[in-house]
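Read off the chains here:
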Amino acid sequence: MELKEEDLLKRNVKGISKKLKKTRVCILGLGGLGSNVVVLLARSGIGSLKLVDFDIVEASNLNRQQYRISHIGLKKTEAMKSIIREINPFVEVDISDIKVDRENIYSIVGDIELVVEAFDRAETKAMTLEALLTNTNKIVVSASGMAGLGSANEIVTRKIKDNFYLIGDNYSDYEEYSGIMSTRVMICAAHQANMVLRLILEEKGE
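Residues numbered from 1 in each chain as written. Predicted model: local features only at pLDDT ≥ 70, side-chain atom pairs only at ≥ 80, totals over all residues. Heavy atoms only, no water.

You'll find the chain entered in an unreviewed UniProt entry as Thiamine biosynthesis protein ThiF, with Fusobacterium nucleatum subsp. nucleatum given as the organism.

Next up, the structure:
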């Protein structure tokens, strides 16, 4: 049977496919947040994804990330590309196996306007936001505050400024709670993906 893109997306909200198809999104980090955002956007019919991460899949990732046991030891970018291929092979995927820093972040993101910040380390998050938010051509959707097992209802999307949206509960910290679970991570990732879709479809707001 020939697989058609319209068959994959026929349960989508009507009238959005063409707009999503011509949109490019850059995902910085393919861990708990990024890997889940990627899957959600692929299922939604996004046209093009740039995936950025320098890490490999480890067993400890599997409690909250989209990888499988068969992916352990593989580069996260390659593993994620194979996952997308099995979900929606019509998504154009560009991968970069590179550690993002102040010197290369602009060349990595390039001319892509919509960026999902999904790094684990606070320092890398801060550097990314500082760099990209000074560029008025970029819109950044970030997340912080998802540790522990607090109420899912505490996780919200907040519009911080016109080009910056932040998801989280505004208080939980990995070190404080000594662990992070799939449930709250995936809730945050779903908020990020949903905000990306709203931005693409010009439904801005909280």
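The rest of the description comes next.
## So, the overall build of the chain
The helix and strand inventory of the chain stands at 8 helices and 7 strands. For the chain, the C-alpha radius of gyration of 16 Å lies close to 17 Å, the compact-globule estimate for 206 residues. If you line up the chain on its principal axes, its C-alpha atoms span 50 × 40 × 40 Å. Expressed as a percentage of the 206 residues in the chain, the buried residues total 50%. When contacts within the chain are restricted to residue pairs at least 6 apart in sequence, those whose partners lie at least 24 apart make up 69%. Element-wise, carbon and sulfur atoms account for 50% of the exposed surface of the chain, whose accessible area totals about 10,700 Å². (Helix = DSSP H or I, 4+ residues; strand = E, 2+ residues; numbered from the N terminus. Rg over C-alpha atoms; globule rule 2.2 N^0.38 Å. Buried < 20%, exposed > 50% of the residue type's maximum accessible area, 1.4 Å probe, protein only. Contact = heavy atoms within 4.5 Å. Areas by Shrake-Rupley, 256 points an atom, 1.4 Å probe, with all protein chains shown as cover.)

## Some remarks on the pattern of salt bridges
Evaluated as defined, the whole model comprises 9 salt bridges. Of the charged contacts in the structure, one is a salt bridge between arginine 102 and glutamate 130, with a shortest N-O distance of 3.5 Å. Of the two residues, arginine 102 sits in the loop between β3 (92-96) and α5 (105-109) while glutamate 130 sits in helix α6 (residues 122-133), which places them 28 residues apart along the sequence. Put simply, lysine 159 and aspartate 162 hold a salt bridge, and the shortest N to O gap is 3.5 Å. Here lysine 159 falls in the partly exposed class, since its relative accessible area comes to 33%. A relative accessible area of 61% places aspartate 162 in the exposed class. (Salt bridge = Lys/Arg side-chain N within 4 Å of Asp/Glu carboxyl O.)

## Focus: the UniProt feature "transmembrane region" (unreviewed entry) in the chain
UniProt annotation of "transmembrane region" (unreviewed entry) refers to residues 25-46 when read in the numbering used here. Helix and strand shares over residues 25-46 are 59% and 18% respectively, and the end C-alpha atoms of the span are 8 Å apart. (UniProt positions renumbered as here; feature names shortened; annotations may be inferred.)

## Overview of helix α8 (residues 182-200)
Taking 1.5 Å of rise per residue, the 19 residues of α8 would be expected to cover 27 Å, and the 27 Å separating its terminal C-alpha atoms lies within 8% of that figure. Of the residues flanking the end of α8, it is glutamate 202, one or two places downstream, whose phi is positive at about 60 degrees. (Expected span 1.5 Å × (residues − 1).)

## Some points on the sheet that holds strand β7 (residues 164-168)
What holds strands together in a sheet is hydrogen bonding between their backbones, with the strands either parallel or antiparallel. Taken in spatial order, the 7 strands make up an open sheet running β3-β2-β1-β4-β5-β7-β6, and their pairing is mixed. For this open sheet the edge positions go to β3 and β6 (156-161), each flanked by a neighbour on one side alone. Going from strand to strand, the sheet's axes swing by 20 degrees on average, the running direction of each strand aside. Bridging between strand β5 (residues 139-143) and β7 involves 4 bridges; their strand directions are parallel. (Pairing = 2+ DSSP bridges. Axes fitted to C-alpha atoms, helices over the stretch in contact; angles between N-to-C directions.)

## Overview of the nonpolar core
Core analysis: the biggest nonpolar cluster contains 42 residues, and Val25, Ile27, Leu41, Leu49 and Leu51 have the highest contact counts within it. Only β1 (24-28), α3 (32-44), β2 (48-52), α4 (76-87), β4 (114-117), β5, β7 and α8 provide two or more residues apiece to this core. With near-sequence residues (within four places) excluded, leucine 51 lies in contact with Ile27, Leu30, Val38, Thr77, Met80, Lys81, Ile84, Val93, Asp94, Ile95 and Ser96. Residues Ile108, Ile112, Val115 and Leu129 belong to the second largest nonpolar core, which totals 18 residues. (Core = buried A, V, L, I, M, F, W, Y, C linked by side-chain atoms within 4.5 Å.)

## Details of the packing of α3 against α8
Their axes nearest at 8 Å, the elements α3 and α8 cross at an angle of 45 degrees. It follows that α3 is oblique to α8 by the angle criterion. Taken as a pair, α3 and α8 cross one another with a handedness that is right-handed. Counting all contacts with α3, which are made through Gly32, Leu33, Asn36, Val37, Leu40, Leu41 and Ser44, the residues of α8 involved are Val185, Met186, Cys188, Ala189, Ala190, Gln192, Ala193, Val196 and Leu197. Class assignment of the residues belonging to the contact of α3 with α8 gives a composition of 12 nonpolar, 4 polar and no charged. (Parallel < 35°, antiparallel > 145°, perpendicular 65-115°, else oblique. Left-handed = near helix turned anticlockwise from the far one by under 90°. Nonpolar A, V, L, I, M, F, W, Y, C, P; charged D, E, K, R; others polar.)

## Quick notes on the pairing of β2
Counting buried positions over the 5 residues of β2 gives 5, a clear majority of the element. Alternating residues of β2 divide into Ser48, Lys50 and Val52 and Leu49 and Leu51, and every residue in both groups is buried. With 5 bridges connecting them, β1 and β2 associate as parallel partners. Bridging across to β2, leucine 28 finds its partner in valine 52. With α3 bridging β1 and the parallel β2, this β-α-β connection has right-handed handedness. Alignment of β2 against β3, held across 5 bridges, turns out to be parallel. Looking across to β3, one finds that serine 48 is bridged to glutamate 92. The parallel pair β2 and β3, bridged by α4, forms a crossover whose chirality is right-handed. (Right-handed = clockwise from strand over helix to strand, strands pointing away.)

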